[in-house]
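# Summary of structural features
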Amino acid sequence: MMKIGIMGGTFNPIHNAHLLMAEEARKQYELDEIWFMPSQNPPHKKKEDLVSKEHRKRMICHAISGNPHFSFSDLELQRQGTTYTSDTLEKIEKEMPKAKIYFILGGDSLYEIESWHKPEYVMKHCHILVAGREDAAGEHLKKKADELKKKYQARISFIQMPLLDISSSNIRTQLQKKELVSYQVPDVVMRYIHFHGLYGYDKAVFAKQPSQQEIMNYLQATLRPKRFRHTLGVAFTAANLAEVHDVDKETAYLAGLLHDCAKFYEKEEQILLCEQFGIPLTEIERKNPALIHGKLGKYMAKNRYLVKNEEILSAIRYHTTGHPAMTELEKIIYLADYIEPGRKMDCKPHSLKKVRQACFANLDLGMRYTLENCISYLKQQNQPIDSVTLETYEFYKKGEAL
Ligand code: DGI
Ligand code: FE
Ligand code: FE
């Protein structure tokens, strides 16, 4: 029988006590999985300091990414309006009738549970795990648990863990005062908060040009894990191409790292940001927002990551469409994006292996093959082809095959 632990809450933001509680619950009760399930609109919380669900989701995903037993569940976020635990339990039971559900709670919630929607249903349909404590408050909590057990035949057990005085509201207060909350939240979450200026922590991200390692840390904290892996693959491939084609390796690596730095924004957000920063958009870019992140990425690289090197900025700017007569570095980034080791797509008319060989032999030939593949893909998908992509192809199709 599958044993699932559910961590509910607003996670505004997720912090280390949540993570420790989940892990201790898993170990002590031999749970197979823990689902982190943020809620939409808790009826009893103030809305003003609640950051968007996208931000909360991303912070959770970053925080749990190292633990194979932890996963993210958007069961409550998906639903419109107020979400009730009883509805969630009902839904899981329907979908997974064989699973045994454990609901993991901070101690204080035990005092509130009777005010929840249909408390008798909730207590009947899950086993409650509460973080216990060894002091007077712990004694009090045990009494409350006994009372609920009697009244509702509730199953309530305690999770042994050290008492950690960490709470999301405390964290928000500290951030509002521009204080760091390191060691209360995972590093990656602190960087996420910093980068996006959440909870009033709107200090400049970097005071001076950041090192490659610092850039990498922030990219890891802001990009989705898959996009981050792609980013490392592009940086690595760009450095290799640079070596072969006599371009500065460090420069190529940095450009590779930053090429998709604007991609942590959703497409609609990207349009809004361009308007906010005064970056003009063409009609086709508005219709196909996948084309925007080069422009926006250039702006972010310059203003957020303080990159001054115009060659790098231009390589980021043109990495999606290319342009006629590109610099060596621009071609390297454009191509590394297509051939990095993580790319496993089925490529036509030229196989990925053939394109990779061409890129290392001759950048212009690599451009020709890659553009032919991209255009054939876009046609097959019935997507409009950007005029710059077409001009680029016109330029490179003249490139002689080897
Ligand atoms: O950001 P990546 O996914 O790593 O790669 P990319 O920067 O090359 O972006 C790929 C996306 O851009 C993909 O969704 C296809 C789209 N794209 C590239 N060229 C064109 C295009 N979309 C349209 N409509 N027209 C183009 O010419
Ligand atoms: Fe891209
Ligand atoms: Fe990319």
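Located above this text is the structure these notes cover.
Computed from a prediction, not measured in an experiment: that's the story for all the values here.

Moving on to the coordination of the iron ion (ligand 3). Of the protein atoms, only His230 (NE2), His259 (NE2), Asp260 (OD) and Asp337 (OD) coordinate the iron ion (ligand 3), at distances of 2.1 to 2.2 Å. Each donor residue of the iron ion (ligand 3) belongs to the same chain, and together they define the spacing H-x28-H-D-x76-D. In this structure, the iron ion (ligand 3) lies 3.4 Å from the iron ion (ligand 2), and both are coordinated by Asp260. Residue His230 is found in helix H11 (residues 225-244), and its partner Asp337 is found in helix H17 (residues 328-339); the two are separated by 107 residues along the sequence. Overall, the relative accessible area of 8% leaves His230 in the buried class. The exposure class of Asp337 is buried, given its relative accessible area of 11%.

Let us look at the sheet that holds strand E3 (residues 70-72). The 6 strands lie next to each other as E3-E2-E1-E4-E5-E6, forming an open sheet whose pairing is parallel. Each edge of the open sheet is held by one strand with a lone partner, namely E3 and strand E6 (155-159). Going from strand to strand, the sheet's axes swing by 30° on average, the running direction of each strand aside. Relative to strand E4 (residues 100-105), strand E1 (residues 3-9) runs parallel, the two being bridged by 5 bridges. Across the sheet, residue Ile4 finds its bridge partner in E4, namely Ile101. Lying on the sheet, helix H1 (residues 16-28) is in contact with E1, strand E2 (33-38), E3, E4, strand E5 (127-131) and E6; it crosses E6 at an angle near 115°.

This brings us to the nonpolar core. When a protein is soluble and globular, its nonpolar side chains tend to lie buried together. Residues Leu219, Leu258, Leu296, Met300 and Tyr305 are the most contacted members of the largest nonpolar core, which totals 65 residues. Considering each element in turn, this core owes the most residues, 8 residues, to H17. In contact with Leu219, other than residues within four places in its own chain, are Phe228, Thr231, Leu257, Leu258, Cys261 and Tyr305.

The next thing to look at is the pattern of salt bridges. Summed over the entire model, instances satisfying the criterion amount to 19 salt bridges. In this structure, Arg227 engages Asp260 in a salt bridge whose closest nitrogen and oxygen atoms are separated by 2.8 Å. With a gap of 33 residues between them, Arg227 in helix H11 and Asp260 in the loop between helix H12 (249-258) and helix H13 (267-277) connect regions that are remote in the sequence. The network of salt bridges with common partners includes Glu54, Arg58, Arg224 and Glu266.

So, about the site of ligand 1. Neighbouring residues of ligand 1: 18 residues in total, closest His319, Thr320, Pro384, Asp386 and Thr389. Arg227 places a side-chain nitrogen or oxygen 3.1 Å from an oxygen atom of ligand 1. The side chain of His230 places a nitrogen or oxygen atom 2.9 Å from an oxygen atom of ligand 1. Expressed as a share of its isolated accessible area of 560 Å², the protein-covered part of ligand 1 is 82%. Taken together, the residues that form the shell around ligand 1 break down as 5 nonpolar, 7 polar and 6 charged.

Another aspect to go through is the packing of aromatic side chains. This structure, assessed with the given rule, holds 11 aromatic pairs. For the pair Phe206 and Tyr305, a centre-to-centre distance of 5.9 Å together with 40° between the ring planes defines the contact as tilted. With a gap of 99 residues between them, Phe206 in the loop between helix H9 (187-196) and helix H10 (212-222) and Tyr305 in the loop between helix H15 (293-303) and helix H16 (310-317) connect regions that are remote in the sequence. Tyr305 shares its class with Phe206; the two are buried. Taken together, Phe195, Phe206, Tyr218, Phe264, Tyr265 and Tyr305 form an aromatic cluster joined through their ring pairs.

Taking 1.5 Å per residue as the helical rise, helix H19 (residues 363-380) with its 18 residues ought to reach 26 Å, and the 25 Å between its terminal C-alpha atoms agrees with that figure. For H19, every residue scored as buried is listed here: Leu363, Leu365, Gly366, Met367, Arg368, Tyr369, Thr370, Leu371, Glu372, Asn373, Ile375 and Leu378. Its buried side turned inward, H19 meets H17, helix H18 (352-361) and helix H20 (387-396). One side-chain oxygen at the N-terminal end of H19 lies 2.8 Å from the backbone nitrogen of Asp364; it belongs to Asn362. In the segment just after H19, Asn382 is the residue with positive phi, at about 60°.

Thresholds, definitions, all that
All residue numbers refer to positions counted from 1 along the written sequence of the respective chain. A letter from A marks each chain and a number from 1 marks each ligand, given out in the order of writing. Reporting in this predicted model follows two pLDDT cut-offs: at least 70 for local features of residues, and 80 or more for side-chain atom pairs to be given and counted; totals over whole chains, interfaces and linings ignore these cut-offs and use all residues. Each side-chain value is worked out from all heavy atoms of the structure, with water and hydrogens disregarded. Only nitrogen, oxygen and sulfur atoms within 2.8 Å of the metal, or 3.2 Å for Na, K and Ca, are treated as donors, and water is left out, so sites may look incomplete. Starting at the N terminus, helices and strands are each numbered in turn, a helix being any DSSP run of H or I of at least four residues and a strand any DSSP run of E of at least two. Only protein chains enter the accessibility calculation, which uses a 1.4 Å probe. A residue is then buried if its area is under 20% of the maximum for its type, exposed if over 50%, and partly exposed in between. By the convention used here, strands pair only if DSSP detects at least 2 bridges between them. To get an axis, fit a line to the C-alpha atoms, keeping to the stretch in contact for a helix; angles then go from 0 to 180 degrees between the N-to-C directions. Note on definitions: a residue-residue contact is assigned when non-hydrogen atoms from the two residues lie within 4.5 Å. What we call a nonpolar core is a set of buried Ala, Val, Leu, Ile, Met, Phe, Trp, Tyr and Cys residues that are connected through their side-chain atoms within 4.5 Å. Criterion for a salt bridge: a side-chain nitrogen of Lys or Arg within 4 Å of a carboxyl oxygen of Asp or Glu. We call a residue near a molecule or strand as soon as one heavy atom of that residue lies within 4 Å of the molecule or strand. Counted as a polar contact is a pair of N or O atoms within 3.5 Å, where, for protein atoms, one must be capable of donating a hydrogen and the other of accepting one, and residues adjacent in sequence contribute only when both atoms are in side chains. Only the protein chains shown count as covering a residue, and every accessible area follows the Shrake-Rupley method with a 1.4 Å probe. Lys, Arg, Asp and Glu make up the charged group, whereas Ala, Val, Leu, Ile, Met, Phe, Trp, Tyr, Cys and Pro make up the nonpolar group; the residues left over, Gly among them, are polar. Put simply, two rings from Phe, Tyr or Trp (the six-membered ring, in Trp's case) pair if the centres are within 6.5 Å, and we call them stacked under 30 degrees between planes, edge-to-face over 60, tilted for the rest. Take the number of residues in a helix, subtract one, and multiply by 1.5 Å to get its expected span.

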